[in-house]
Amino acid sequence: MRFALIGVGDIGSRYAGKIALSGHDVLFISRGDRLKELQSSGLRIEDGAFGGAFSIPEVDATDDVEGRDPVDVIIVGVKTYHLPEAADQVKPIVGPNTLVIPLQNGVDAPGRIGDVVGHEHMLGYATYSPNFIGELDSPVSDRLRSLHTVLVDAGWNVKTTDNIWQPLWTKMCAYASFSPFIVARLSPGDAYRFETLRGLHQQACEEVAAVGQAEGFEMSAKQLVDFAQVFPTSKQSMTRDLENGRPLEVEDLIGRVVRAADEHGIDAPAITSCYQLLKPYENGSVQQTNIQ
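## Some words on the side chain of Ser177
On the secondary structure map, Ser177 appears in helix H6 (residues 165-177). Beyond its immediate stretch of four places on either side in the chain, Ser177 contacts His201, Ala204, Cys205, Val208 and Leu224.

Right, here's the structure in full:
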């Protein structure tokens, strides 16, 4: 299969890199310094929370896909606030049978990308433990089975599912329940050393589980509490973005659940307060002002 990756961050690069190492052609779509690095030095992946280090000395990298042949699969690894731009950029390499895998957390990425490239191309993908892949509105298909085989052969722990929305909503609700950790800028393990944060997280889990259940999904507060212990020493990506003054995916990962709670008439003071505290940082660091 011929793949393309847009959004050459840690997770996307690991997926595309392992696929390339397993023998498939991969086009890396990037820009700026990252593009120069790919073109001059190839792909280099450091040790991290999602796996060990590896490198590929030479890769096909570009910032312009005009004139390129369509690919079989496009992996979209950008942040949610870059989705419209990324979808426009990859549209020229979307052929009649191209599949698109969104790696974003949340539940809205497939629809937003599909609005640009065509919904018939979209799959759902939940980065989870294990990861899940599925058609958006139908059971597991032949095209999905073929792609699943490639991902597994490349070393990824991926399972197919007839209902991709269950793991997508579970992951988003888990992320929203992490909002007390994000506000405190702590890993789950460090946050749980403090009784106040333990209590706040458990309250957040009760709230988001109620939202998930109201949306029609199997979910429990205990499941979400336990999920926080999967990677106890790892800070959430939004925590790292907050610490480094980068834009936040707060609307797609926490605001989406807050709005759903409001639609269902569910009282959700914990996640709503965390959402309100994070909202000023949505576009990056807040410009400080002196108050006289």
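## Things to note about unusual backbone geometry
With a phi close to 60 degrees, Arg185 is a non-glycine residue in the positive phi region. By the secondary structure assignment, Arg185 is in the loop between helix H7 (179-184) and helix H8 (188-191). Judged by its relative accessible area of 33%, Arg185 is partly exposed.

## Remarks on the sheet that holds strand E5 (residues 60-62)
Within a sheet, adjacent strands bond to each other through the backbone by hydrogen bonds, running parallel or antiparallel. Taking strand neighbours across the sheet as the criterion, the 5 strands line up as E5-E2-E1-E6-E7 in an open arrangement whose pairing is parallel. In this open sheet, the two strands that pair with only one neighbour each are E5 and strand E7 (94-102). Ignoring strand direction, the axes of neighbouring strands in this sheet form an average angle of 25 degrees. When strand E1 (residues 2-6) meets strand E2 (residues 25-29), the two strands line up parallel, connected through 5 bridges. Pairing of Arg2 across the sheet is with Asp25, part of E2. Against the sheet, helix H1 (residues 10-21) contacts E1, E2 and strand E6 (71-76), and its axis sits at roughly 155 degrees relative to E2. Helix H4 (residues 109-117) rests against E6 and E7 of the sheet, and its axis sits at about 160 degrees to E7.

## Brief notes about the pattern of salt bridges
According to the stated counting rule, one finds 16 salt bridges in the structure shown. Arg256 is the salt-bridge partner of Asp108, the closest N and O atoms lying 3.1 Å from each other. Note that Asp108 is positioned in the loop between E7 and H4 and Arg256 in helix H12 (residues 250-263), a separation of 148 residues in sequence. On the accessibility criterion, Asp108 (25% relative accessible area) is partly exposed.

## Considerations on the packing of aromatic side chains
Taken as a whole, this structure holds 7 aromatic pairs when the rule is applied. Here Tyr15 and Trp156 contribute two aromatic rings whose centre-to-centre distance is 3.8 Å and whose plane-to-plane angle is 5 degrees, an arrangement assigned as stacked. Within this pair, whereas Tyr15 is found in helix H1, its partner Trp156 is found in the loop between helix H5 (142-153) and strand E10 (158-160), the two being separated by 141 residues in sequence. By relative accessible area, Trp156 is classed as buried at 11%. Summarising the aromatic geometry, the rings of Tyr175 and Phe178 are spaced 6.2 Å apart at their centres and angled 50 degrees between planes, so their arrangement reads as tilted. Here Tyr175 matches Phe178 in class, with each residue buried. Joined through ring pairs, the aromatic side chains of Tyr175, Phe178, Phe181, Tyr192 and Phe227 make up one cluster. Lys18 extends its terminal NZ or CZ atom over the ring of Trp156, reaching a point 4.6 Å from the ring centre. The ring of Tyr281 carries the charged tip of Arg185 above its face, separated from the ring centre by 6.0 Å.

## What to know about the pairing of strand E9 (residues 131-135)
Among the 5 residues that make up E9, 5 are buried, leaving the element largely enclosed by the rest of the structure. Here 4 bridges tie strand E8 (residues 123-126) to E9, and the two strands are oriented antiparallel to one another. What sits directly across from Tyr125, in E9, is Ile133. Adjacent in sequence and paired antiparallel, E8 and E9 are bridged by 4 residues. In this sheet, E10 lies alongside E9 in parallel orientation, the contact comprising 3 bridges. Across the sheet, residue Ile133 finds its bridge partner in E10, namely Thr160.

What counts, and where the lines are drawn
Residues numbered from 1 in each chain as written. Predicted model: local features only at pLDDT ≥ 70, side-chain atom pairs only at ≥ 80, totals over all residues. Heavy atoms only, no water. Helix = DSSP H or I, 4+ residues; strand = E, 2+ residues; numbered from the N terminus. Contact = heavy atoms within 4.5 Å. Buried < 20%, exposed > 50% of the residue type's maximum accessible area, 1.4 Å probe, protein only. Pairing = 2+ DSSP bridges. Axes fitted to C-alpha atoms, helices over the stretch in contact; angles between N-to-C directions. Salt bridge = Lys/Arg side-chain N within 4 Å of Asp/Glu carboxyl O. Phe/Tyr/Trp six-rings, centres within 6.5 Å; stacked < 30°, edge-to-face > 60°. Lys NZ or Arg CZ within 6 Å of the ring centre and 35° of its normal.

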